[in-house]
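Geometric and topological summary
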Amino acid sequence: NTALASGDIFAQQSAQELLPLVQQAILLAKQYDAVIANPPYMGNGYLNPLLKEFLKKNYGGFEKDLFSAFMIRNLGFSNASGQLGFMSPFVWMFISSYENLRTHFIDNATISSLIQLEYSGFDGATVPICTFTLAKTHISDFIGSYVRLSDFKGAENQAPKTLEAILNPSCGWFFNTKPDDFKKIPGSPIAYWVSERVRDVFENSPPLVKIADTRLGMATADNNKFLRLWHEVNMNKTSMGEKNREAAQESQKKWFPYQKGGDFRKWYGNMDYLVNWFNDGQDIRNFIDKKTGKVRSHNYNLDYIFKEGVTWNALSSSDTSARISKSSLFDNAGSSLFPFDPKYIKPCLAFINSKLIKSLIKLISPTLNYQPGDMGKLPFYFNEIQLPDLSNIVSKLVSIAKSDWDSYETSWDFTENPIIRTQQLNLEQAFITWQQQNTDAVSEMKRLEEENNKLFIDAYGLQDELTPDVPDEQITLTRANREKDSQRLVSYALGCMM
């Protein structure tokens, strides 16, 4: 203003050019009683280098998506007693890359209310959206209100069901929760629907990582080059039972078992692949990218290969499924854990295959990709008095699953067709006997799995939330089938003739 009033024409011109910036600075410096925003969404992978660098420098820890940085900036717009309202993707509520944002909201502000919309909550768009309010100041032990619309498909249901929840809090999709309690679960997910008992389980039980090492499997960088189905290679160059890395190298064999995840199957099986690990993996470990000169493969976990442990499917469409693993290497789709004390191998397998796991893992990994870090955070608890019973149950389950797996030529331990094994005098009676044996095995596995579920549900005190029942379709045994079993019998007969 002084420059504009003086006679210096050059100063006047410069001041005139700066004036819009000064006015913008005044606006940006203001604080408000209410701040409402639908911030722009743009993931880190889509940012141009200049914007990416700006966010990293000025909003470190909140730069994973543009909306995170905008929310932090909006908190700066609010005065100490201010209130904020946002609409945003709800990924920040659960995914690990947004943990800093969640922690900031929980520790430094107060989540006062939130509505989580169903994916189809808007006409013409399928997006994960939530809308929520914050108080700028943290209020200890504040109880917030939450509405979960996940079960109500379609845009036309979102508003009516929200109003219904507000008018009738006992409807089943309205929840009252303390934001401070979110910190009881590792990663602080905004799991507002979780019971107090489940939070106590996380808070008071040791994480699985205290019992076992969880490890990501190998990435060969070229599975077509380094992997084979077990029946594709010379068995004289294959070793199935090595106990450690040194013994495998001394054997001078080329092909070794490789756990690769595979189909949903519990307790035993999915052993289809072999990996070229000749001379301690010299080909894989020296697999050089010709363009960069760098080794392409990684995550060998050499201290764990061939050790006995538990492997699970890293990617699952529904529940997790785990199996005993030994004398194997393992893939990043078949991550594994290795208990510090071998006596915990069977309890760990029982835990991952229990009904309890589905309720717990989705709080830490709401996506369908169950990584070793996710598994390691799970609360692992059972009464040591139950150890013999648990081990006995698992031994029986593994035995049933192994017998089923080995009944088919797809197993390298296959010896005899199950219909022939019945030793009946005619084909019809043989199939009827095999069918009954198969039905009995399914029933026994179902009984044992439900007994396993009950042990964990009782140990965790979740009888009011979970039942031990196991649906028939989750019993991962092959069912007797006249047409398919006839085909297998013909295949077996031809194999014997050859």
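Residues numbered from 1 in each chain as written. Predicted model: local features only at pLDDT ≥ 70, side-chain atom pairs only at ≥ 80, totals over all residues. Heavy atoms only, no water.

**Section: the overall build of the protein**
Counting its regular elements, the protein contains 17 helices and 14 strands. Computed over its C-alpha atoms, the radius of gyration of the protein comes to 29 Å, more than 25% above the 23 Å expected for a compact globule of 498 residues. On the principal axes, the C-alpha backbone points of the protein span a range of 115 × 60 × 45 Å. A burial count over the protein gives 45% of its 498 residues as buried. For the protein, restricting intrachain contacts to residue pairs at least 6 apart in sequence, the fraction spanning at least 24 positions comes to 70%. Between the averaged position of the 52 positive side-chain charges in the protein and that of its 57 negative side-chain charges there is a distance of 4 Å. (Helix = DSSP H or I, 4+ residues; strand = E, 2+ residues; numbered from the N terminus. Rg over C-alpha atoms; globule rule 2.2 N^0.38 Å. Buried < 20%, exposed > 50% of the residue type's maximum accessible area, 1.4 Å probe, protein only. Contact = heavy atoms within 4.5 Å. Lys, Arg positive; Asp, Glu negative; His and termini not counted. Charge placed at Lys NZ, Arg CZ, Asp CG, Glu CD.)

**A few points about the sheet that holds strand β3 (residues 110–116)**
If you trace the 6 strands from one edge of the open sheet to the other, you get β1-β2-β4-β3-β5-β6, paired in mixed fashion. Whereas interior strands pair on both sides, the edge strands pair on one side only; in this sheet they are β1 (32–37) and β6 (174–177). Here the average twist between neighbouring strands, direction ignored, is 15 degrees. Across 5 bridges, β1 lies against strand β2 (residues 78–89) in parallel orientation. Residue Tyr32 lies in a different strand from β2, and its bridge partner there is Ser78. (Pairing = 2+ DSSP bridges. Axes fitted to C-alpha atoms, helices over the stretch in contact; angles between N-to-C directions.)

**Details of the pattern of salt bridges**
A full pass over the atoms with the stated rule returns 20 salt bridges. A salt bridge links Asp181 to Lys184; the nearest nitrogen and oxygen atoms lie 3.7 Å apart. We note a salt bridge from Glu451 to Arg447, for which the minimum N-O separation is 3.1 Å. Placement of the pair is Glu451 and Arg447 together in helix α16 (residues 427–460), with a separation of 4 residues, close to one helical turn. Take Arg447: its relative accessible area is 41%, and that puts it in the partly exposed class. (Salt bridge = Lys/Arg side-chain N within 4 Å of Asp/Glu carboxyl O.)

**Considerations on the sheet that holds strand β9 (residues 255–259)**
Spatially, the 4 strands line up as an open sheet ordered β8-β10-β9-β13, and their pairing is mixed. Of all the strands in the sheet, just β8 (227–229) and β13 (329–330) have a single pairing partner and so form its edges. Bridging between β9 and β13 involves 2 bridges; their strand directions are parallel. Looking at the pairing, Tyr258 lines up with Leu329 of β13.

**Points about the nonpolar core**
Ranked by internal contacts, the top residues of the largest apolar core, which has 62 residues, are Phe351 and Tyr460. Only α7 (196–204), β11 (309–312), β12 (322–325), α11 (345–352), α12 (356–364), α14 (387–405) and α16 provide two or more residues apiece to this core. For Tyr460, the residues in contact, after removing those within four places along its chain, are Arg197, Val201, Phe351, Leu356, Leu360, Pro379, Phe380 and Tyr381. In this structure, Phe67, Tyr98, Phe175 and Ile190 belong to the second largest nonpolar core, which totals 32 residues. (Core = buried A, V, L, I, M, F, W, Y, C linked by side-chain atoms within 4.5 Å.)

**Some thoughts on the side chain of Thr311**
Within the secondary structure, Thr311 sits in strand β11. Exposure remark for Thr311: the relative accessible area of 0% places this residue in the buried category. Reaching out from Thr311, the side chain makes a polar contact with the backbone oxygen of Ser335 at a distance of 3.2 Å. Polar side-chain contacts of Thr311 include one of 3.5 Å to the side chain of Ser336. With near-sequence residues (within four places) excluded, Thr311 lies in contact with Gln259, Ser321, Ala322, Arg323, Ser325, Gly334, Ser335 and Ser336. (Polar contact = N/O pair within 3.5 Å; in protein donor to acceptor, adjacent residues only side chain to side chain.)

**Observations concerning unusual backbone geometry**
One non-glycine residue, Ser188, lies in positive phi territory at about 50 degrees. Here Ser188 is to be found in the loop between β6 and α7. Positive phi, normally seen in glycine, also occurs at Asn299, with a value near 60 degrees. Secondary-structure assignment places Asn299 in the loop between α10 (278–285) and β11. Its relative accessible area of 31% is what places Asn299 among the partly exposed residues.

**Thoughts on the pairing of β3**
With 5 of its 7 residues buried, β3 lies for the most part within the structure. Of the strand pairs in this sheet, β3 and strand β4 (residues 129–135) are connected by 6 bridges, and their pairing is antiparallel. Residue pairing for β4: Thr110 is matched across the bridge by Ala135.

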